[in-house]
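# Residue-level structural notes
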Number of protein chains: 2
Amino acid sequence: MGGRALVQWEQNRDNAPDGLHVDLYAGGPAPTELKGITFYQVPYAPSTQGVDERLEIIGRMPELRVLQLVSAGYDQVLGLIPDHVTLCNGRGLHDASTAEHTLALILAAQRELPRWAIDQRERRWAPAPQRSLADCRVMIVGYGSIGTAIERRLLPFETEVVRVASRPRPEQDVHGVDELPALLPRVDIVVLVTPLNDATRGLFGTREFALLRDDALVVNVGRGAVLDTDALLAQNGRVRAALDVTDPEPLPVDHPLWEAPGVYFTPHVAGGSTAFYPRARAFMDAQLARWAAGEPLANVVRPGR
Amino acid sequence: MGGRALVQWEQNRDNAPDGLHVDLYAGGPAPTELKGITFYQVPYAPSTQGVDERLEIIGRMPELRVLQLVSAGYDQVLGLIPDHVTLCNGRGLHDASTAEHTLALILAAQRELPRWAIDQRERRWAPAPQRSLADCRVMIVGYGSIGTAIERRLLPFETEVVRVASRPRPEQDVHGVDELPALLPRVDIVVLVTPLNDATRGLFGTREFALLRDDALVVNVGRGAVLDTDALLAQNGRVRAALDVTDPEPLPVDHPLWEAPGVYFTPHVAGGSTAFYPRARAFMDAQLARWAAGEPLANVVRPGR
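Now for a quick tour of the structure. (Residues numbered from 1 in each chain as written. Chains lettered and ligands numbered in written order. Predicted model: local features only at pLDDT ≥ 70, side-chain atom pairs only at ≥ 80, totals over all residues. Heavy atoms only, no water.)

For the rest of this paragraph, the subject is the overall build of chain A. Secondary structure assignment for chain A yields nine helices and 13 strands. Projected onto its principal axes, the C-alpha coordinates of chain A cover approximately 60 × 50 × 35 Å. Here chain A holds 305 residues, and 53% of them are scored as buried. Of all intrachain contacts in chain A linking residues separated by at least 6 positions in sequence, the fraction that spans at least 24 positions is 57%. Here chain A has roughly 13000 Å² of accessible surface; of this, 51% comes from carbon and sulfur atoms. Charge-centre separation for chain A: the mean point of 31 positive side chains lies 2 Å from the mean point of 38 negative side chains. (Helix = DSSP H or I, 4+ residues; strand = E, 2+ residues; numbered from the N terminus. Buried < 20%, exposed > 50% of the residue type's maximum accessible area, 1.4 Å probe, protein only. Contact = heavy atoms within 4.5 Å. Areas by Shrake-Rupley, 256 points an atom, 1.4 Å probe, with all protein chains shown as cover. Lys, Arg positive; Asp, Glu negative; His and termini not counted. Charge placed at Lys NZ, Arg CZ, Asp CG, Glu CD.)

Here it is in structure tokens:
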């Protein structure tokens with residue numbers, strides 16, 4: 001398909017396929033000319049407050065056919081585009097970054113990295129025996145694209161992985177989420193990496209914590225509300241947690257989670273690393289080539305009608 | 001070979017091979033009867049100050065034939081045993097723990113885990129874009145048993161590994177240490193995991209730092225004196241460092257390294273995790289079985305003459 005494409009990165013303009021005119025827009029004040037734009041990649045911005053010009057300009061693109069996001073989530077644009085516009089997301093582009101941060105959180109908890117950081121700041125040299133990740137049985141709840149990327153990184157650490165998804169897939173040795181009560185007593189570490197929906201909200205709560213061994217570790221890199229914060233606080237250190245997402249988020253300054261024993265968290269930074277950019281630019285090169293050639297697009301989450 | 005063996009762990013006594021009498025000694029006051037001991041495993045203790053009874057009793061074992069350490073280093077006992085005693089060490093037993101901690105240090109530095117630990121303590125929620133480990137070229141200086149264990153864990157993070165050892169081994173794609181000047185400008189992360197000897201003391205100093213890119217990371221999990229501390233301090237944050245060993249060690253309370261920009265360290269805890277124990281006990285079961293059967297011992301570092 002021809003026409004004009006509006007994208008974020010110079011590499012994608014430099015590699016523009018024949019027959020497609022590619023302009024740049026990285027956010028902020030809108031380009032003066034929006035007519036003729038058939039393909040719009042919403043610029044990547046880790047977080048936005050107030051009026052978002054990146055989204056506001058969609059309404060001034062009457063010829064738009066494809067709205068391309070580079071995030072996995074797309075709820076925020078569903079109400080902004082007519083039915084005939086095809087919506088594509090950034091599934092997979094954050095996998096390497098998120099999987100890497102998941103391992104960072106697991107290792108931080110097992111090897112007490114927060115303790116050493118504070119000891120360094122307070123000039124205290126006080127070695128102590130450490131837990132390890134080796135020999136742990138690690139459950140991954142949400143065995144999709146990111147879950148498999150986490151598993152690949154975990155296995156060389158001499159761990160055993162237990163795969164769980166919303167529905168069982170016996171041919172891949174994936175358990176269904178209804179098997180959690182039978183599986184939880186056998187694992188040392190649980191990684192939550194599910195999207196947030198009616199089935200996963202509060203998925204991990206009082207009942208699930210009660211089934212875990214003393215000193216087990218729960219890691220949440222999905223969405224904060226998948227884990228019941230009150231149930232975690234009630235553990236009072238019996239089960240530990242390493243989180244990249246919290247509920248509520250951001251965490252209010254007077255929230256008890258800041259000082260909860262055995263709880264360590266990072267401020268929702270798993271996906272936002274430099275690993276994203278080369279993967280996103282390469283994806284956009286290929287996606288624009290598909291669009292220009294009239295081939296089926298990748299990562300379609302809602303086809304245009 | 002028969003006689004008496006003195007070892008640390010109950011599992012090894014319970015699994016004692018036929019013909020070998022196995023007693024327990026876990027450190028502290030010596031057993032009353034040391035005569036007849038032919039095989040002595042020095043009990044594992046992460047660090048010792050003052051008189052070390054574990055070593056002091058070696059002189060009271062006239063029939064000793066094998067001195068077994070479960071640490072990799074053995075300098076501390078060379079002067080304590082006659083020439084006819086065979087010395088074995090714990091090569092490999094700390095590999096999983098040390099390799100795991102190496103990845104923890106790399107990820108801590110790339111994903112700024114110390115920053116988030118201190119932000120949590122100060123109740124500050126301030127996300128920021130992160131470096132990643134993905135796409136990094138990582139040099140391992142000291143490509144032996146631990147180096148290969150580090151490489152296995154690094155590769156699934158979508159990294160490229162450059163192998164360096166004291167002597168080149170072209171058939172394994174291992175470069176010699178004399179190639180460092182040509183290789184250093186091309187790498188993002190350098191992992192030092194060499195023993196300390198005349199050739200490695202101060203191996204990484206002013207000249208090597210100068211060849212590294214801005215924002216490169218140097219990780220030391222070998223011995224502190226392999227890295228020139230003054231040269232690191234002179235970087236003033238241009239090159240970052242994540243260390244498990246320092247020079248001097250322990251670090252004096254008034255040392256500038258505590259607050260050096262871009263420097264993060266842990267207090268020599270890489271090898272001392274729970275991963276060590278099952279591996280060490282399994283090794284000792286097998287070693288005692290070899291000894292009782294008159295088979296060649298594993299991990300001999302100095303054969304008895």
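From this point on, the discussion continues.
So, about the environment of Ala26 of chain B. All names here are of chain B. Examined against the element boundaries, Ala26 turns out to sit in the loop between strand E2 (21–24) and strand E3 (37–41). For Ala26, a relative accessible area of 57% puts it in the exposed group. Considering only alpha carbons, one finds Ala26 and Arg54, 28 residues apart in sequence, at a separation of 8.5 Å. When neighbours within four sequence positions are excluded, Ala26 is seen to be in contact with Gln8 and Pro43.

Buried within helix H5 (residues 145–154) of chain A are the following residues: Gly147, Ala149, Ile150, Glu151, Arg153 and Leu154 of chain A. Contact partners of the buried residues in H5 of chain A: helix H3 (95–110), strand E6 (137–141), strand E7 (160–165) and strand E9 (189–192) of chain A.

For the rest of this paragraph, the subject is the sheet that holds E2 of chain B. Residues and elements named next belong to chain B. The strand order across the open sheet formed by six strands is E2-E1-E3-E4-E5-E13, and the pairing between neighbours is mixed. Looking at the sheet topology across the chains shown, the edges are occupied by E2 and strand E13 (300–302). With strand direction ignored, the average angle separating the axes of adjacent strands in the sheet is 25°. Where strand E1 (residues 4–7) and E3 come together, three bridges link them in parallel fashion. (Pairing = 2+ DSSP bridges. Axes fitted to C-alpha atoms, helices over the stretch in contact; angles between N-to-C directions.)

This structure, assessed with the given rule, holds 40 salt bridges over all chains. One salt bridge in this structure joins Glu208 of chain A and Arg207 of chain A, with 3.1 Å as the shortest N-O distance. The class of Glu208 of chain A is buried, set by a relative accessible area of 8%. Note that Glu56 of chain B is salt-bridged to Arg60 of chain B, the shortest N-O span being 3.7 Å. A single salt-bridge network, built from bridges that share partners, covers Asp119, Glu122 and Arg124 of chain A together with Arg121 of chain B. (Salt bridge = Lys/Arg side-chain N within 4 Å of Asp/Glu carboxyl O.)

Residue and element names in this part refer to chain A. Alternating positions in strand E10 (residues 217–220) separate into two faces, Leu217 and Val219 on one and Val218 and Asn220 on the other, with burial throughout. In this structure, E9 lies alongside E10, joined through four bridges in parallel fashion. If you follow Ile189 over to E10, its bridge partner there is Leu217. In this fold, E9 hands off to helix H7 (residues 206–211), which returns the chain to E10; that crossover is right-handed. Note that E10 and strand E11 (residues 240–243) share four bridges and pair parallel. Each bridged residue has a counterpart across the sheet, and for Asn220 the counterpart in E11 is Leu243. Tracing the backbone out of E10, into helix H8 (residues 229–235) and back to the parallel element E11 gives a crossover that is right-handed. (Right-handed = clockwise from strand over helix to strand, strands pointing away.)

What follows concerns the relation of the copies chain B and chain A. The transformation that overlays chain B on chain A combines an axial shift of 0.0 Å with a rotation of 179°, and the residual RMSD is 0.2 Å. What the rotation and shift describe, once combined, is the action of a two-fold rotation axis. Both copies share a contact surface, since 100% of the interface residues of chain B are interface residues in chain A too. (Least-squares fit on C-alpha atoms with pLDDT ≥ 70 in both.)

Another point: the interface of chain B and chain A. Residue-level contacts link 60 residues of chain B with 60 residues of chain A. Carbon and sulfur atoms supply 58% of the area that chain B and chain A bury against each other, a total of about 5200 Å² over both sides. Among the residues chain B hides against chain A, the three largest losses belong to Gln120, Arg123 and Trp125 of chain B. Together they make up 18% of the total. Glu158 of chain A serves as the salt-bridge partner of Arg153 of chain B, at 3.1 Å between the closest nitrogen and oxygen. Across the contact surface, chain B and chain A share 39 residue pairs in polar contact (both at pLDDT 80 or more). Mapped onto the side of chain B that touches chain A, the elements with two or more residues apiece are helix H3 (95–110), helix H4 (113–121), helix H5 (145–154), strand E12 (263–265) and helix H9 (276–293) of chain B. Of the residues belonging to the side of chain B that touches chain A, the class tally is 32 nonpolar, 12 polar and 16 charged. (Buried area = accessible area lost by both parts, 1.4 Å probe. Polar contact = N/O pair within 3.5 Å; in protein donor to acceptor, adjacent residues only side chain to side chain. Nonpolar A, V, L, I, M, F, W, Y, C, P; charged D, E, K, R; others polar.)

With the rule as written, the count across this model stands at 20 aromatic pairs over all chains. When the ring of Tyr25 of chain A is compared with that of Tyr40 of chain A, the centres are 6.4 Å apart and the planes differ by 35°; the resulting orientation is tilted. With Tyr25 of chain A in the loop between strand E2 (21–24) and strand E3 (37–41) and Tyr40 of chain A in strand E3, the pair connects residues that are 15 residues apart, well separated along the chain. The same class applies to Tyr25 of chain A and to Tyr40 of chain A, which are both buried. Arranged with centres 6.4 Å apart and planes meeting at 90°, the rings of Trp9 of chain B and Tyr277 of chain B form a pair that is edge-to-face. A residue pair is termed long-range when its members are at least 10 positions apart, and Trp9 of chain B in the loop between E1 and helix H1 (10–14) and Tyr277 of chain B in helix H9 qualify at 268 residues. Given a relative accessible area of 10%, Trp9 of chain B falls into the buried group. (Phe/Tyr/Trp six-rings, centres within 6.5 Å; stacked < 30°, edge-to-face > 60°.)

Next up on the list: the pairing of strand E11 (residues 240–243) of chain B. Residues and elements named next belong to chain B. Neither face of E11 is exposed, since Arg240 and Ala242 on one face and Ala241 and Leu243 on the opposite face are all buried. Judged from the three bridges that link them, E11 and E12 form a sheet pairing that is parallel. Its bridge partner lying in E12, Ala241 is registered against Val263.

Here we come to the packing of H3 of chain A against H3 of chain B. Here H3 of chain A crosses H3 of chain B at 115°, and the two axes come no closer than 9 Å. At the point where H3 of chain A passes H3 of chain B, the crossing takes the left-handed sense. Across from Glu100, Leu103, Ala104 and Leu107 of chain A in H3 of chain A, the residues of H3 of chain B making contact are Glu100, Leu103, Ala104 and Leu107 of chain B. Here the residues of the contact of H3 of chain A with H3 of chain B sort into six nonpolar, no polar and two charged. (Left-handed = near helix turned anticlockwise from the far one by under 90°.)

Moving on, we come to the sheet that holds strand E4 (residues 66–68) of chain A. Residue and element names in this part refer to chain A. The six strands are arranged E2-E1-E3-E4-E5-E13 in an open sheet whose pairing can be described as mixed. Looking along the sheet, the strands with just one partner apiece sit at the ends: E2 and strand E13 (300–302). Across the sheet, the mean angle separating the axes of adjacent strands is 25° when strand polarity is ignored. Contacts from helix H9 (residues 276–292) reach strand E1 (4–7), E3, E4 and strand E5 (86–88), with the element oriented near 160° to E3.

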